[in-house]
Each structure stands twice: as structure tokens, then as C-alpha cells.
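Survey of secondary and tertiary structure
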Amino acid sequence: MPLNADLAIKNISQLVTCEPDLFDSSDDEVRPVGLIDDACLLISGGAISWVGGRKQFETSGHGASEVIDAGGLAVLPGFVDAHTHTVFAGSREREYEMRVKGAGYMEIAAAGGGINATVGAVRNASIDELVQSGSSRVGSMLRQGTTTVEIKSGYGLSVEAELKMLKAIKRVGEETCVDVVPTFLGAHEIPPEFRENRDGYIDLLIDEMIPAAGESGLAEFCDVFCEQGVFTADESRRILLRGKEYGMRPKLHADEFVESGGAGVAGEVGAISAGHLGHASREGLEAMKASGTVAVLMPGVGVGLGRPEFTDARTMIDMGLDVAVATDFNPGSSMVHSLLIVSSLACSFMKMTPAEVILAMTVGGAKAVGRQDRVGSIAPEKQADLVLVEVPDFRYVPYHLGGDIVRTVIKNGIVVFDRTQD
Ligand code: NIG
Ligand code: FE
């Protein structure tokens with residue numbers, strides 16, 4: 001029966017569905033991304049209602065009240081940035097300069113800079129300032145094709161300032177057209193007033209901060225920075241299990257600089273995702289695989305910190321772990337908002353193939369935030385979040401580092417960015 005839709009997109013040179021099981025290709029090289037050449041799609045009520053080739057479309061009698069001629073552009077699912085710290089105040093370019101001159105990230109943190117420098121700025125900022133700067137950054141992400149973004153708190157580190165951050169994160173979601181996924185990260189660092197009393201801070205997390213975050217309904221996930229010098233594996237387990245009691249699913253920053261048992265804890269507590277993992281043990285990765293924890297890889301950090309070591313993505317992919325790539329956008333270690341730039345870094349430095357990276361920034365990201373039923377791929381009933389890119393082939397996406405390739409972004413079936421209209 002012919003379908004009548006609100007919007008049709010025709011003349012798509014390559015439709016990268018990221019649904020290989022639905023859209024099988026005879027070509028082994030493109031099968032993983034579920035590619036349809038010379039494609040059309042229909043959108044009804046903000047969701048995708050039909051996907052197929054031009055011939056099928058022309059013989060089906062399908063119609064739409066509005067038609068976009070993609071003019072030979074490729075179409076990808078809107079990108080899902082599954083790990084970011086996009087709401088913050090101030091900036092830390094002086095630390096960047098110190099690192100360029102040879103100082104280490106943890107060394108700068110121990111000397112009073114690092115995360116706690118941003119904590120000071122966030123505590124002094126009004127909620128309106130946080131919302132305004134956070135929304136502006138999310139706008140920049142949208143223009144690079146990101147339509148869903150996870151944002152963590154973690155620069156407040158007191159009951160009051162963490163709730164201020166979570167409220168700001170919620171408002172950023174309301175004031176932009178990007179879907180914002182909120183995560184509570186009270187266990188990001190020990191704040192300065194607890195430097196001599198770390199157990200006191202952990203008690204505060206367990207007794208007050210996690211209950212307050214959970215009961216506020218403002219956070220879907222609870223994250224912890226499990227790392228030598230920050231939170232131990234035992235502390236992380238305790239914090240994450242407490243978060244679970246309050247309805248927040250666990251996530252981790254794990255084994256970034258040294259093996260800290262983080263990947264093992266991720267598996268043990270059934271974390272939805274664990275990020276960084278540069279020094280994760282084989283047993284830790286096996287535990288993550290067993291619990292279905294998504295490995296979130298963030299090569300922007302290697303560049304931001306000027307450390308020429310990148311997480312071993314190949315081992316994880318070859319083990320069969322689900323993998324996402326994310327920006328980790330934050331003012332300390334990864335001042336990059338573009339998943340497109342990160343896609344190039346993941347290919348060049350983590351040796352992921354272009355197809356693997358595109359899956360990791362769409363369907364992989366969606367799994368890492370528990371949204372794979374709605375976003376991350378192009379198939380009937382999925383949210384119509386789409387990126388129209390000016391490329392001759394999907395492999396061009398990571399190939400052109402920093403390329404201005406995004407022509408149009410569609411969110412819930414509505415054009416929210418069009419470069420030709422700017
Ligand atoms: O994910 N590793 C810990 N947290 C952030 C850095 C935050 C900061 O330095 O402000 C990260 O890399
Ligand atoms: Fe992070």
C-alpha cells in the first residue's frame with residue numbers, strides 16, 4: 001500500500017543505514033554499514049517510515065507533502081556523542097601550554113589545576129551562565145552532525161553545585177534541539193576542601209550526593225573516575241552500587257593512565273559503558289564483554305594531552321566488544337566538540353576502519369547511552385535524526401580531517417541546520 005509521509009528525501013547517493021541486518025549488501029566491504037546506493041527515505045511524525053532504493057520508491061506510489069532533493073549527498077544517522085563534559089565554566093589553555101612544555105596531566109592536577117580548577121569556576125558561575133555557554137557548545141556540536149549528546153556533571157563536587165550542574169544540563173537539552181542524556185559524576189575528583197579527608201568526601205557521596213542526584217530525577221547514569229590518585233576500584237564499586245540503588249545505571253572512566261581495576265568493576269556492576277580503557281587488563285575487558293558493557297574510545301584525549309598512546313581498539317573489536325567513539329569534550333584533556341574530527345583520529349591512531357568508526361559514532365554511541373531503540377541508525381520507526389554530508393563515499397568522512405562536509409542536519413524530521421542557508 002502506498003505510504004503518505006510528511007517529508008521525502010530523494011536522490012541520496014549513499015544511504016548509510018548502520019543496519020546491516022536489515023539492509024544487506026552483496027559487497028563484503030560495505031555490508032557492516034548497511035549501505036543503500038541511490039536511495040530515498042520517508043519521514044512521518046518525526047520518525048523514519050520507509051527506506052529503500054530509487055526504483056522501489058518510484059514503483060511503490062509512495063508520496064510526501066514535502067520533498068528534499070539530496071542532490072547526490074550521502075546520508076548518515078545523526079551522531080551520538082556518548083561521553084562529554086560539555087557543561088563547564090572557564091577554560092584551561094594555560095594548562096595546555098604547560099603540557100606542551102612537558103608537564104603531565106596528573107601532575108598539573110596534583111598542583112591544584114586540573115578538574116578542581118574548573119570546579120572553582122563552576123561553583124562561581126550562575127546557572128544561566130552554565131546554560132548559555134553549554135547551549136552554545138551544543139550548537140557547535142549540532143553543526144558537526146551530533147544529534148544526541150551525553151553530558152556529565154562533575155565540576156560541582158558538592159550537593160548544591162552538582163544539582164546546579166544537573167539542572168543546567170537539563171536546561172541545555174530544553175534550549176537546544178539536541179537530545180541531552182544526563183549523567184551524575186560527583187565522583188570526578190576529590191574537591192579541595194576534602195583533600196585531607198578523602199573518606200569524608202566518599203561518605204558525602206554515599207550519604208547525600210547520590211541520594212540527592214537520584215531523587216532529583218535529573219540523572220540517568222552515575223559515573224566515576226576510577227584511576228590511580230582519584231577513586232580506587234573498591235571506592236568506585238561502592239559509589240556505583242549506591243547510584244544503582246537510586247536508579248542511576250553505572251558508567252565509568254576506567255584505566256585511563258594506569259591499570260586501576262576499572263574495567264573489571266565495570267563488568268562486575270553491569271555498567272552500560274566504560275570510557276578510556278587505555279590500560280585495561282585483558283580480564284577487565286573480558287568482564288566488560290560478559291556484562292555487555294560498551295567500550296567508549298576517545299582519541300581526542302591523546303591529542304589534547306599530547307600523549308602518543310591510544311587505546312587498543314583493535315583488541316576490543318576483535319574480542320567482540322561493542323565500541324563507541326566519543327569526544328570527551330572537556331576543558332582539560334579534550335577540547336574538541338567535533339565527532340567528525342574524532343572519527344579521523346580513531347582511524348589514524350586507533351586503526352579502526354572507516355566503517356567501524358561510523359558505526360561507533362552512531363549505533364555504538366546509542367548503545368552506550370541506552371538509546372539504540374530510537375537513535376543511531378536509519379530504519380523504520382527510528383527517530384528521523386539525519387546528517388546529509390557532501391562526500392563521494394562514506395569513507396571520505398574520516399579521511400577529510402576537519403572537512404566542512406555537513407550540509408544539512410535533520411532532527412526528529414525537521415531541518416535544524418542547513419549550511420547553504422547560513
Ligand atoms: O574524561 N578523566 C577525567 N575526566 C575528564 C577530564 C576532565 C578535566 O580535565 O576537566 C576526562 O578526560
Ligand atoms: Fe571524561
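Structural notes, computed from the coordinates. (Residues numbered from 1 in each chain as written. Chains lettered and ligands numbered in written order. Predicted model: local features only at pLDDT ≥ 70, side-chain atom pairs only at ≥ 80, totals over all residues. Heavy atoms only, no water.)

**Digging into the site of ligand 1**
The condition that has to hold: Neighbouring residues are identified by heavy atoms, a residue being near a molecule or strand if any of them is within 4 Å of it. Polar contact is the term for a pair of N or O atoms within 3.5 Å; when the atoms are in protein, one must be able to donate a hydrogen and the other to accept it, and sequence-neighboring residues count only if both atoms are side-chain atoms. A 1.4 Å probe and the Shrake-Rupley method give the accessible areas. Residues count as covered only by the protein chains that appear here. When residue character is reported, Ala, Val, Leu, Ile, Met, Phe, Trp, Tyr, Cys and Pro are called nonpolar, Asp, Glu, Lys and Arg charged, and the others, Gly included, polar.
With respect to spatial proximity, 15 residues lie near ligand 1, and among them Arg92, Tyr105, Tyr155, Asp328 and Ser333 are the closest. A distance of 2.8 Å separates an oxygen atom of ligand 1 from a polar atom in the side chain of Arg92. Taking 330 Å² as the accessible area of ligand 1 by itself, protein coverage stands at 100%. In terms of residue class, the shell around ligand 1 is made up of four nonpolar, eight polar and three charged.

**Re unusual backbone geometry**
Test applied: Numbering of helices and strands runs from the N terminus; a helix is a DSSP stretch of H or I covering at least four residues, while a strand is a stretch of E covering at least two. Residue exposure (1.4 Å probe, protein chains only): buried if accessible area is under 20% of the type maximum, exposed if over 50%, otherwise partly exposed.
The residue Asn11 is not glycine, and still its phi comes out positive at about 65°. You can see Asn11 is positioned in strand β1 (residues 4-16). What makes Asn11 partly exposed here is its relative accessible area of 26%. Unusually for a residue other than glycine, Asp328 sits at a positive phi of about 60°.

**Focus: the pairing of strand β7 (residues 146-152)**
Applicable threshold: A strand pair is defined by DSSP finding two or more bridges across the two strands.
Most of β7 is tucked away, with seven of its seven residues classed as buried. Relative to β7, strand β6 (residues 79-81) is paired through three bridges, and the arrangement is parallel. Paired with Phe79 across the bridge in β7 is Thr146. As paired elements, β7 and strand β8 (residues 179-187) share five bridges and run parallel to each other. Paired with Thr148 across the strands is Asp179, a residue of β8.

**Here's the deal with the coordination of the iron ion (ligand 2)**
Applicable threshold: In this description, a donor is an N, O or S atom within 2.8 Å of the metal centre, a cutoff extended to 3.2 Å for sodium, potassium and calcium. Water is not part of the atom list, which can make sites seem incomplete.
Taken together, His83 (NE2), His85 (NE2), His253 (NE2) and Asp328 (OD) make up the full set of protein donors to the iron ion (ligand 2), lying 2.1 to 2.4 Å away. Going along the chain, you hit the donors of the iron ion (ligand 2) in the pattern H-x1-H-x167-H-x74-D. Remark: Asp328 occurs in the loop between β13 (323-325) and α13 (339-350) and His83 occurs in the loop between β6 and α2 (93-100); sequence separation between them is 245 residues. By relative accessible area, which is 2% here, His83 ends up buried.

**Notes on the nonpolar core**
To keep things clear, this is the line we draw: Nonpolar core, defined: a set of buried Ala, Val, Leu, Ile, Met, Phe, Trp, Tyr and Cys residues in which side-chain atoms within 4.5 Å join the residues together. Residue contacts are counted whenever heavy atoms from the two residues lie within 4.5 Å of one another.
Counting residues in each nonpolar core, the largest one holds 118 residues, and the members touching the most others are Phe184, Phe231, Leu252 and Met352. The greatest single-element share of this core, amounting to eight residues, is contributed by helix α7 (residues 198-216). When residues no more than four places from it in sequence are discounted, the contact partners of Phe184 are Ser153, Glu162, Leu166, Leu205, Met209, Ile210, Ala213, Ala219, Phe221, Cys222, Asp223 and Met248. Of all hydrophobic cores here, the second largest spans 20 residues; its members include Phe23, Ile48, Ala70 and Leu388.

**Notes on the packing of helix α5 (residues 127-142) against helix α6 (residues 159-175)**
Our working rule: Axis lines are fitted to C-alpha atoms, over the contacting stretch for helices. Their N-to-C directions set the angle, which ranges from 0 to 180 degrees. Relative orientations are named as follows: roughly parallel for angles under 35 degrees, roughly antiparallel for angles over 145 degrees, roughly perpendicular for angles from 65 to 115 degrees, and oblique for any other angle. Take the far helix as the reference: if the near one is turned anticlockwise from it by less than a right angle, the crossing is left-handed, and if turned clockwise, right-handed.
At a minimum axis distance of 9 Å, the contact between α5 and α6 shows a crossing angle of 45°. Considering their axes alone, α5 and α6 lie oblique with respect to each other. Helix-helix and strand crossings are classified by hand; for α5 and α6 the assignment is right-handed. Mapping the contact onto sequence places Ile127, Asp128, Leu130, Val131, Gly134, Ser135 and Val138 in α5 and Lys164, Lys167, Ala168, Arg171, Val172 and Glu175 in α6. Broken down by class, the residue content of the contact of α5 with α6 amounts to six nonpolar, two polar and five charged.

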